[in-house]
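Examination of the molecular architecture
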Amino acid sequence: MKHLIVFLGVMLLISNTNFSQDKNFTMRTGVGFYADAMGRCDGPIVWLEGGYKFNTGFYLNGRLSMASIDWTMSGGFYEGYKTIALRQMADITFSRPIRLKGQHFLEPGLGFKLKREYNLYPDLSIQNISGETIFFTRYSEVFYEIGFTICLDYYYEFKSNFYTGLRADTNLIWAIGLEGLTFSPLFGFRF
């Protein structure tokens, strides 16, 4: 009898979520402009985000993004040459849409960020040790940082549950402060 009650309870939960008319999931993406506030360099960013809506109206979102930043090396053998830094970022945010008027929405969000950065730069140092010349080379450096994400989306939602708008977000990296700024068009849909 206990197994039958558990089975019926699970089936009731599944049927409520499968036949519900609420749009609990959202997917959005964009390609835009990324600026490094600390290094004063910029480049393109590509991002993809998915979210789930809770009964409270808040969304739990997961976002993956990648930015490529061009910058000029300031020291060493290759001083003055241009190179790139590649930033791969993962975010978990909470957001809630606020209806402005009609189908216009503003959606602020706040969350956590994990960033992996590849700095791609050749570096060459020459040392003369005991009459022998030794060349030391280094090509890249990889490091991780954590921080917070603050984002603000504005969009217009069509009757087909497709929406389009703009995204502005920034991140505050632990022990550094304000670092990256993203400005991007936004395309998404609810299902």
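Above this note sits the structure.
What this report covers is the structure whose coordinates are included nearby. (Residues numbered from 1 in each chain as written. Predicted model: local features only at pLDDT ≥ 70, side-chain atom pairs only at ≥ 80, totals over all residues. Heavy atoms only, no water.)

**Notes on unusual backbone geometry**
We apply this condition: Each helix corresponds to a stretch of at least 4 residues labelled H or I by DSSP, and each strand to a stretch of at least 2 residues labelled E; elements are numbered beginning at the N terminus. Relative accessibility decides the category of a residue: with a 1.4 Å probe and only protein chains considered, values under 20% of the type maximum give buried, values over 50% give exposed, and everything between is partly exposed.
You will see that S130, though not glycine, has its phi angle at about 50°, which is positive. Tracing the backbone through its elements, the reader meets S130 in the loop between strand 6 (104–129) and strand 7 (132–157). Take S130: its relative accessible area is 77%, and that puts it in the exposed class. Here N161, not a glycine, exhibits a phi torsion of approximately 70°, which is positive. Turning to its location among the elements, N161 is positioned in the loop between strand 7 and strand 8 (162–173).

**Thoughts on empty space enclosed by the protein**
How we decide: A cavity here means a set of points on a 1 Å grid, drawn over the protein atoms and nothing else, where a 1.4 Å probe fits but cannot get out; a pocket is an open set with protein on both sides within 12 Å along at least five of seven lines, and a residue lines either one if it has an atom within 4 Å of a point. Grid points are joined across faces, edges and corners, and a volume is the space filled by probe spheres set on the points. Nonpolar residues are Ala, Val, Leu, Ile, Met, Phe, Trp, Tyr, Cys and Pro. Charged residues are Asp, Glu, Lys and Arg, and all others, Gly as well, are polar.
As enumerated under the stated definition, the model contains two cavities of 30 Å³ or more in all. Volume-wise, the largest cavity comes out at about 80 Å³. In this structure, the largest cavity is lined by Y34, I45, W47, R63, S65, M89, D91, K113, D169, T170, N171 and T182. Breaking the lining of the largest cavity down by element, the ones donating at least two residues are strand 2 (41–53), strand 3 (59–72), strand 4 (82–95) and strand 8. Classifying every residue of the lining of the largest cavity gives four nonpolar, four polar and four charged. Each pocket or cavity is described by its volume, and for the second largest cavity that value is around 30 Å³. What lines the second largest cavity is R28, E49, N61, S95, E107, P108, G109, C151, D153 and R167. Elements that contribute at least two residues to the lining of the second largest cavity include exactly strand 6 and strand 7. Taken together, the residues of the lining of the second largest cavity break down into two nonpolar, three polar and five charged.

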